[in-house]
Amino acid sequence: MVATLSPKYPVTDPDPGLSTTLRNFNLADLAFVAAGTIGSGTFGYLQGLPRRNAGAVVGSIVGAMGSLMFSYQSSHMRLTGYRKA
C-alpha cells in the first residue's frame, strides 16, 4: 500500500502480512463477512428465478469475497495506523 498521508493512530505493524492481518480480524469484521455472505446469498436466491440454487451459490460467493476484501482492508488499516483500533 502506498501511503500518501502519515498515520493518525499508533502503528502496530508497518508491513503486516496475510496471517497477521487475518489474525487481527475483530468481531465486527467477522460479522460483516457473515452478513455480506448471507445477504447476497439471499438476494441471489430471490433474484435467480430459473435456477434459484445457482443464484444463491453465486451470490454467496460474490458476497463473501467482497465482504472479506473489505474486512481485510479494514484490518490492514488498523494495523498500519490509518484507522482507529
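Being a predicted model, the structure only gives us computed values, none of them experimental. (Residues numbered from 1 in each chain as written. Predicted model: local features only at pLDDT ≥ 70, side-chain atom pairs only at ≥ 80, totals over all residues. Heavy atoms only, no water.)

Colleague: What is the right way to look at the overall build of the protein in this model?
Modeller: The number of helices and strands found in the protein is three helices and zero strands. Listing each helix as α and each strand as β along the protein from the N terminus yields α-α-α. In terms of its C-alpha atoms, the protein occupies a principal-axis envelope of roughly 50 × 25 × 20 Å. Taken across its 85 residues, the protein has 27% of its residues classed as buried. Sequence-distant contacts in the protein: of pairs separated by 6 or more residues, those separated by 24 or more amount to 74%. Looking at the protein as shown, the accessible area adds up to about 6,000 Å², and 67% of this sits on carbon and sulfur atoms. (Helix = DSSP H or I, 4+ residues; strand = E, 2+ residues; numbered from the N terminus. Buried < 20%, exposed > 50% of the residue type's maximum accessible area, 1.4 Å probe, protein only. Contact = heavy atoms within 4.5 Å. Areas by Shrake-Rupley, 256 points an atom, 1.4 Å probe, with all protein chains shown as cover.)

Colleague: Explain the packing of aromatic side chains here, please?
Modeller: To describe a pair of aromatic rings, one takes the distance between the centres and the angle between the planes. Under the definition given, this model contains one aromatic pair. Considering the side-chain rings of Phe 32 and Phe 70, the 4.9 Å spacing of their centres and the 40° angle between planes classify their relative orientation as tilted. Note that Phe 32 is positioned in helix H2 (residues 27-47) and Phe 70 in helix H3 (residues 52-80), a separation of 38 residues in sequence. A residue is classified by how much of its surface remains accessible, and Phe 70, at 43% relative accessible area, is partly exposed. Taking the ring centre of Tyr 45 as reference, the NZ or CZ of Arg 52 above it sits at 5.3 Å. (Phe/Tyr/Trp six-rings, centres within 6.5 Å; stacked < 30°, edge-to-face > 60°. Lys NZ or Arg CZ within 6 Å of the ring centre and 35° of its normal.)

Colleague: Explain the side chain of Thr 80 here, please?
Modeller: Turning to its location among the elements, Thr 80 is positioned in helix H3. Classification of Thr 80 by relative accessible area gives buried; the value is 7%. Of the polar contacts made by the side chain of Thr 80, one reaches the backbone oxygen of His 76; its length is 2.9 Å. Setting aside residues up to four positions removed in sequence, Thr 80 forms contacts with Pro 7, Val 11, Asp 13, Pro 14 and Pro 16. (Polar contact = N/O pair within 3.5 Å; in protein donor to acceptor, adjacent residues only side chain to side chain.)

Colleague: When you look at H2 in this model, what are you seeing that I'm missing?
Modeller: Quick reminder: α-helices carry 3.6 residues per turn. Residues three or four places apart thus point the same way. With 21 residues, H2 should reach 30 Å at 1.5 Å per residue; the first-to-last C-alpha distance of 30 Å fits that figure. Of all the residues in H2, the buried ones are Asp 29, Val 33, Ser 40, Gly 41 and Gly 44. Taken around the axis of H2, the buried residues stretch over an arc of 105°, which confines them to a single face. Exposed and facing more than 90 degrees away from the buried side of H2 are Leu 27, Ala 28, Ile 38, Phe 43 and Leu 46. (Expected span 1.5 Å × (residues − 1). Arc of directions from axis to C-beta.)

Colleague: Can you walk me through H3 in this structure?
Modeller: Taking 1.5 Å per residue, 29 residues should reach 42 Å; H3 reaches 42 Å between its end C-alpha atoms and fits that length. Once H3 ends, the next one or two residues include Gly 81, with phi positive near 90°.

Colleague: What is the right way to read the environment of Gly 36 from this model?
Modeller: On the secondary structure map, Gly 36 appears in helix H2. A C-alpha to C-alpha distance of 8.0 Å links Gly 36 and Ser 60, two positions 24 residues apart in sequence. For Gly 36, the contacting residues outside a window of four places in its chain are Gly 63 and Ser 67.

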